[in-house]
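Next come the chains, spelled out residue by residue.
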Amino acid sequence: MNIHLIAVGDRMPRWIQEGFDEYARRLPAECALKLNEIAPGKRGKNADIARIVRDETERTLAAIPKGAKVVALEVDGQRWSTEQLSVRLDDWMADGRDLALLVGGPDGLGDAARAAAELQWSLSPLTLPHPLVRVIVAEQLYRAWSILRNHPYHRA
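Notes on the structure in this doc start here. Small disclaimer: the values here were computed from a predicted structure and weren't measured.

**A look at the overall build of the protein chain**
At step 1: Counting its regular elements, the protein chain contains 5 helices and 5 strands.
At step 2: The order of helices and strands in the protein chain, counted from the N terminus, is β-α-β-α-β-α-β-α-β-α.
At step 3: Computed over the C-alpha atoms, the radius of gyration of the protein chain is 15 Å, within 12% of the 15 Å expected from 2.2 N^0.38 for a compact globule of 156 residues.
At step 4: Overall size of the protein chain, expressed as C-alpha extent along the three principal axes, is 50 × 30 × 25 Å.
At step 5: By the burial criterion, 47% of the 156 residues in the protein chain qualify as buried.
At step 6: In the protein chain, the share of contacts with a sequence separation of at least 24, taken over all contacts with a separation of at least 6, comes to 80%.
At step 7: Within the structure as shown, the protein chain displays about 8200 Å² of accessible surface, and the carbon and sulfur contribution to it stands at 50%.
At step 8: For the protein chain, the distance from the average position of its 21 positive side-chain charges to the average position of its 21 negative side-chain charges is 3 Å.

**Let's talk about the packing of aromatic side chains**
At step 1: Per the stated rule, a full pass over the model turns up 6 aromatic pairs.
At step 2: With a centroid separation of 6.1 Å and an interplanar angle of 65 degrees, the aromatic rings of Trp 80 and Trp 92 are classed as edge-to-face. Placement of the pair is Trp 80 in the loop between β3 (69-79) and α3 (82-95) and Trp 92 in helix α3, with a sequence separation of 12 residues. Across this residue pair, the class does not change: Trp 80 and Trp 92 are buried.
At step 3: Arranged with centres 5.4 Å apart and planes meeting at 25 degrees, the rings of Trp 80 and Trp 121 form a pair that is stacked. Pair noted here: Trp 80 is in the loop between β3 and α3 and Trp 121 is in strand β5 (residues 119-122), with a separation of 41 residues, a long-range link.

**Some details on the packing of helix α1 (residues 14-26) against helix α5 (residues 130-148)**
At step 1: The interhelical angle for the contact between α1 and α5, taken along N-to-C directions, is 20 degrees, at an axis separation of 8 Å. It follows that α1 is roughly parallel to α5 by the angle criterion. For α1 against α5, the interelement crossing comes out left-handed. Two secondary-structure elements touch here, α1 through Trp 15, Ile 16, Gly 19, Phe 20, Tyr 23 and Arg 26 and α5 through Pro 131, Leu 132, Arg 134, Val 135, Ala 138, Glu 139 and Tyr 142.
At step 2: In the contact of α1 with α5, the residues fall into 9 nonpolar, 1 polar and 3 charged.

Definitions and limits used
Residues numbered from 1 in each chain as written. Predicted model: local features only at pLDDT ≥ 70, side-chain atom pairs only at ≥ 80, totals over all residues. Heavy atoms only, no water. Helix = DSSP H or I, 4+ residues; strand = E, 2+ residues; numbered from the N terminus. Rg over C-alpha atoms; globule rule 2.2 N^0.38 Å. Buried < 20%, exposed > 50% of the residue type's maximum accessible area, 1.4 Å probe, protein only. Contact = heavy atoms within 4.5 Å. Areas by Shrake-Rupley, 256 points an atom, 1.4 Å probe, with all protein chains shown as cover. Lys, Arg positive; Asp, Glu negative; His and termini not counted. Charge placed at Lys NZ, Arg CZ, Asp CG, Glu CD. Phe/Tyr/Trp six-rings, centres within 6.5 Å; stacked < 30°, edge-to-face > 60°. Axes fitted to C-alpha atoms, helices over the stretch in contact; angles between N-to-C directions. Parallel < 35°, antiparallel > 145°, perpendicular 65-115°, else oblique. Left-handed = near helix turned anticlockwise from the far one by under 90°. Nonpolar A, V, L, I, M, F, W, Y, C, P; charged D, E, K, R; others polar.

Listed below in structure tokens is the structure:
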């Protein structure tokens with residue numbers, strides 16, 4: 001299974017890219033993590049934010065691989081412990097489909113992205129900066145995988 005992290009935003013700080021790459025590199029081929037960056041719309045003083053979010057959402061949806069299970073990262077989504085995420089990851093790997101994780105930009109995901117998702121996942125009740133979400137998702141997926149494989153990384 002491939003996990004596609006489809007995230008609005010490009011030109012991330014080096015430390016974001018390095019953090020994501022570190023955990024993505026650790027994941028094995030059975031659940032390889034791939035990043036697909038969606039260029040954000042231009043925001044300015046009088047920007048039409050609703051139109052920008054709709055455009056970002058259209059491009060995000062177009063990036064979803066055919067047949068993939070879609071999960072939207074949303075602050076109001078389901079909250080899982082790391083152990084619960086490991087059960088989800090095990091189910092996702094057994095399902096046989098690729099997984100598409102959708103991360104919105106500064107103004108979130110549009111309604112169409114939420115509607116396309118089979119699940120909505122919340123990392124935290126806190127509002128997190130969208131670049132940091134990439135690193136957190138990659139680390140938590142690696143940690144969940146380590147639980148499934150009895151790897152010593154997870155020591156809770």
